[in-house]
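As a plain string of letters, each chain reads:
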Amino acid sequence: MAGLELLSDQGYRVDGRRAGELRKIQARMGVFAQADGSAYIEQGNTKALAVVYGPHEIRGSRARALPDRALVNCQYSSATFSTGERKRRPHGDRKSCEMGLQLRQTFEAAILTQLHPRSQIDIYVQVLQADGGTYAACVNAATLAVLDAGIPMRDFVCACSAGFVDGTALADLSHVEEAAGGPQLALALLPASGQIALLEMDARLHEDHLERVLEAAAQAARDVHTLLDRVVRQHVREASILLGD
Amino acid sequence: MASVALSEAEKVYIVHGVQEDLRVDGRGCEDYRCIEVETDVVSNTSGSARVKLGHTDILVGVKAEMGTPKLEKPNEGYLEFFVDCSANATPEFEGRGGDDLGTEIANTLYRIFNNKSSVDLKTLCISPREHCWVLYVDVLLLECGGNLFDAISIAVKAALFNTSIPRVRVLEDEEGSKDIELSDDPYDCIRLSVENVPCIVTLCKIGYRHVVDATLQEEACSLASLLVSVTSKGVVTCMRKVGKGSLDPESIFEMMETDEAVACQWYDKQLPNLDGWLNASSKNEEGREKDGGICL
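Residues numbered from 1 in each chain as written. Chains lettered and ligands numbered in written order. Predicted model: local features only at pLDDT ≥ 70, side-chain atom pairs only at ≥ 80, totals over all residues. Heavy atoms only, no water.

In the annotation of an unreviewed UniProt entry, chain B is listed under the name Exosome component 7 and assigned to Theropithecus gelada. The Sequence similarities (unreviewed entry) field of the UniProt record for chain B holds the comment "Belongs to the RNase PH family." (UniProt positions renumbered as here; feature names shortened; annotations may be inferred.)

Labelled according to UniProt, chain A appears under the name Exosome complex component RRP41, originating from Homo sapiens.

Undergrad: For this particular structure, what's the right way to read the overall build of chain B?
TA: Along its length, chain B carries 5 helices and 14 strands. Of all 296 residues assigned to chain B, the portion counted as buried reaches 51%. Per element, the accessible surface of chain B, about 14,000 Å² overall, is 50% carbon and sulfur. (Helix = DSSP H or I, 4+ residues; strand = E, 2+ residues; numbered from the N terminus. Buried < 20%, exposed > 50% of the residue type's maximum accessible area, 1.4 Å probe, protein only. Areas by Shrake-Rupley, 256 points an atom, 1.4 Å probe, with all protein chains shown as cover.)

Undergrad: Could you clarify how one ought to interpret the side chain of Asp 155 of chain A in this entry?
TA: All names here are of chain A. Within the secondary structure, Asp 155 is located in the loop between helix 2 (134–148) and strand 6 (158–165). A polar contact is formed between the side chain of Asp 155 and the backbone nitrogen of Ala 192, at a distance of 2.8 Å. The contacts of Asp 155, once residues within four sequence positions are left out, are Ala 110, Leu 190, Pro 191, Ala 192 and Ser 193. (Polar contact = N/O pair within 3.5 Å; in protein donor to acceptor, adjacent residues only side chain to side chain. Contact = heavy atoms within 4.5 Å.)

Undergrad: Just to check I follow, could you spell out the pattern of salt bridges for this structure?
TA: When the charged atoms of two side chains with opposite charge come close together, those side chains can pair. Under the defined criterion, the tally for this structure stands at 23 salt bridges over all chains. The partner of Glu 94 of chain B in a salt bridge is Arg 59 of chain A, and the shortest N-O contact between them spans 3.0 Å. Of this pair, Glu 94 of chain B sits in the loop between strand 4 (78–85) and helix 2 (99–112) while Arg 59 of chain A sits in the loop between strand 3 (46–57) and strand 4 (71–78), placing the two residues on different chains. Relative accessible area serves as the criterion here: at 22%, Glu 94 of chain B is assigned to the partly exposed category. Judged by relative accessible area, which is 30%, Arg 59 of chain A ranks as partly exposed. For Arg 167 of chain B, the salt bridge goes to Asp 188 of chain B, with nearest N and O atoms at 2.9 Å. On the criterion of sequence distance, the pair formed by Arg 167 of chain B in the loop between strand 7 (164–166) and strand 8 (168–172) and Asp 188 of chain B in the loop between strand 9 (178–182) and strand 10 (189–191) is long-range, its members being 21 residues apart. Look at Asp 188 of chain B and you get partly exposed, because its relative accessible area is 26%. Each of Arg 13, Asp 15, Arg 17, Arg 23, Asp 131, Asp 172 and Glu 177 of chain A takes part in a single network of salt bridges with overlapping partners. (Salt bridge = Lys/Arg side-chain N within 4 Å of Asp/Glu carboxyl O.)

Undergrad: Can you walk me through the interface of chain A and chain B in this structure?
TA: Many structure descriptions define interface size as the accessible area lost when the parts assemble. The partner chain B presents 35 residues to the 33 residues of chain A that form the contact. Roughly 2,800 Å² of surface becomes buried between chain A and chain B when both sides are summed, with 53% attributable to carbon and sulfur atoms. Interface area lost by chain A to chain B is led by Gln 34, Phe 81 and Arg 86 of chain A, which between them contribute 27%. Here chain A and chain B share 2 salt bridges between them. Across the contact surface, chain A and chain B share 17 residue pairs in polar contact (both at pLDDT 80 or more). Secondary-structure elements contributing two or more residues to the side of chain A that touches chain B are strand 2 (37–43), strand 3, strand 4 and strand 5 (119–129) of chain A. Of the residues contributing to the side of chain A that touches chain B, the split by class is 13 nonpolar, 11 polar and 9 charged. (Buried area = accessible area lost by both parts, 1.4 Å probe. Nonpolar A, V, L, I, M, F, W, Y, C, P; charged D, E, K, R; others polar.)

Undergrad: Which parts of the structure should I look at to understand the sheet that holds strand 9 (residues 195–202) of chain A?
TA: The strands that make up a sheet pair up through hydrogen bonds in the backbone, lying either parallel or antiparallel. Residue and element names in this part refer to chain A. With antiparallel pairing, 4 strands are arranged side by side in an open sheet as 7-6-8-9. Bordering the open sheet on either side are strand 7 (168–171) and strand 9, each of which pairs with just one other strand. When strand polarity is set aside, the average angle formed by the axes of neighbouring strands in this sheet is 25 degrees. Sitting on the sheet, helix 1 (residues 94–110) is in contact with strand 8 (184–190) and strand 9, with an inclination near 155 degrees to strand 9. The sheet contacts of helix 2 involve strand 6, strand 8 and strand 9, and relative to strand 6 the element is tilted by about 165 degrees. (Pairing = 2+ DSSP bridges. Axes fitted to C-alpha atoms, helices over the stretch in contact; angles between N-to-C directions.)

Undergrad: Would you take a moment to explain the confidence of the model for chain B for this structure?
TA: Any region with low pLDDT has predicted coordinates that should not be read closely. Residues and elements named next belong to chain B. For chain B, the average pLDDT comes to 84, and 89% of its residues sit at 70 or higher. This stretch, residues 283–296, has a pLDDT under 50; its non-local contacts, to residues over four places away or in other chains, come to 26 contacts. This prediction of the complex comes with two scores: 0.89 for pTM and 0.88 for ipTM. (pLDDT = per-residue confidence, 0-100.)

Undergrad: Where do I start with the UniProt feature "domain: Exoribonuclease phosphorolytic" (unreviewed entry) in chain B in this structure?
TA: The UniProt feature table records "domain: Exoribonuclease phosphorolytic" (unreviewed entry) at residues 32–166 and 196–257 of chain B. Annotated as residues 196–257 of chain B, this span is 24% helix and 42% strand, and its ends, taken at the C-alpha atoms, are 20 Å apart.

Undergrad: Sorry if this is basic, but what is going on with the sheet that holds strand 5 of chain A here?
TA: Residue and element names in this part refer to chain A. Taken in spatial order, the 5 strands make up an open sheet running 1-2-3-5-4, and their pairing is mixed. The strands lining the two open edges of the sheet, one partner per strand, are strand 1 (25–29) and strand 4. Neighbour-to-neighbour, the strand axes of the sheet open up by a mean angle of 15 degrees, direction not taken into account. Where strand 3 and strand 5 come together, 9 bridges link them in antiparallel fashion. The partner of Ala 48 across the bridge, within strand 5, is Val 127. Of the strands in this sheet, strand 1, strand 2, strand 3, strand 4 and strand 5 touch helix 2, which is tilted by about 150 degrees from strand 2.

Undergrad: Help me out: how do you make sense of the packing of helix 2 of chain B against helix 3 (residues 148–162) of chain B in this one?
TA: The description of two helices packed together rests on the angle between their axes and the distance between the axes. Residue and element names in this part refer to chain B. Close contact between helix 2 and helix 3 brings their axes to 11 Å; oriented N to C, the two are set at 55 degrees. With respect to their mutual orientation, helix 2 and helix 3 come out oblique. The chirality of how helix 2 crosses helix 3 is right-handed. The residues of helix 3 that touch helix 2, namely those facing Leu 101, Glu 104, Ile 105, Thr 108 and Leu 109, are Leu 148, Phe 149, Ile 152 and Val 156. Counted by class, the contact of helix 2 with helix 3 contains 7 nonpolar, 1 polar and 1 charged residues. (Parallel < 35°, antiparallel > 145°, perpendicular 65-115°, else oblique. Left-handed = near helix turned anticlockwise from the far one by under 90°.)

Undergrad: I'm lost on the environment of Gly 30 of chain A in this one. Help?
TA: Counting through the fold element by element, Gly 30 of chain A comes out in the loop between strand 1 and strand 2. Considered as a pair, Gly 30 of chain A and Val 14 of chain A are 16 residues apart in the sequence and their alpha carbons are 34 Å apart.

Undergrad: When you look at empty space enclosed by the protein in this model, what are you seeing that I'm missing?
TA: The gaps of empty space that remain are located by a probe, the size of a water molecule, rolled over the atoms. All names here are of chain B. This model, assessed by the stated rule, comprises 2 cavities of 30 Å³ or more. When its volume is computed, the second largest cavity comes out at roughly 30 Å³. What lines the second largest cavity is Leu 109, Ile 112, Phe 113, Ser 153, Val 156, Val 197 and Pro 198. Broken down by secondary-structure element, the contributors of at least two residues to the lining of the second largest cavity are helix 2 and helix 3. By residue class, the composition of the lining of the second largest cavity is 6 nonpolar, 1 polar and no charged. (1 Å grid on protein atoms, 1.4 Å probe; cavity = no way out; pocket = protein on both sides within 12 Å on 5 of 7 lines; lining within 4 Å. Points joined across faces, edges and corners; volume = space filled by probe spheres on them.)

Laid out in structure tokens, this is it:
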């Protein structure tokens, strides 16, 4: 965008954040009573809702059942009013299908699928408002929803996006920064072991800078983990108070 | 609708209870569940609202875009409805599974608004035959707990109330080409009057009696329902019978009377609260108080 500085001389971004600073994150678990697990997250102006059904019997053809592990099924849908320009179809287009596949890949790495052979776990993610970092918000919401459903996981899955402007790596990109056209990296991390569940990058980036951008994204993901951990502990504390423990 | 598995014993229990004017959650046959309405929940829309009616959760976003008026109505703008039954509500709605229900609800909404009085479409006209505002009303079904139509109609009414359309002026220069100018003040906008926007009241026939605001379990026990959309002045704009059973003509008149009685009670007691609350919350907006995002 002509005339719009993504990073000012003093080191401030368009919305006043520092280079490695995350947007404000608020999250809640257990928002829907009828689903097995649900969660809602707000990362700045990006709002995402995740709902988990399962593990349950395979729907549709029994032939898809895997004999030694559970089938993870993800759908990504973004509301027609979520973006600035109205979207025609909430899901079913190429980008939504690709996001669904990426989410599936991410969660197959984290969920202990061997414990539930021949069954299916459905993860449905809905983006209510998109302001950049939608993949990261979806992964974070889905992690909380899977935890709310009581499905065992290897570790939290925390995701964050990162970019590169003027020699500095930026963490947690907003829509304005994504639309500017610089390199964007999406990273999903299992924080305790430091293992990467998904790594994706668009646009050109010199390999000398890759390590810095990757480190910025990993640090941001670890910060997200601290926040999500707090949310889960708070939720469990509230639930146990209600039970009278 | 989302299906729920009920045993025969549970169905008998519900039907017998309804005959005695006693429902499973303790309500009478003409009582609504507690309704929560919240507006201005999604910021990049022209207007939005969220309604929670028991376990039913609806989110509506309205986006105003410029378009060309329809040929048969050159002085008016128009509304377009789209209903998305998301897989959040039930896994059956995954992929294209929710399209049938979504189309049915969208068609019902078109029919309700297909009259001169519901929304004043002339306010949406910018210049006749050339430019007008098109309001895209998008309904998102987050959770399905029975009585979808009622909740959706309330949410659409609240979202239309919350909609603010920027004021534009059409400038014509010497050569006759027209330019559209947006007002400089971001708060200078047109608000729609939703006094005559109707609300739907659904009556489900269970056994010999009918109930208002049925839950999913009660809908599974009922064979047929009558849907009536009524405005605050008691004007009926649309009527539909849904369900696989058949209704006696006598019972239809009986149900219509109950419908009107319930709707009048609604408009006397609850909707003045809604209208009054909507008016109060608009004053808050003028005082620039932000009520924030969705409280879940």
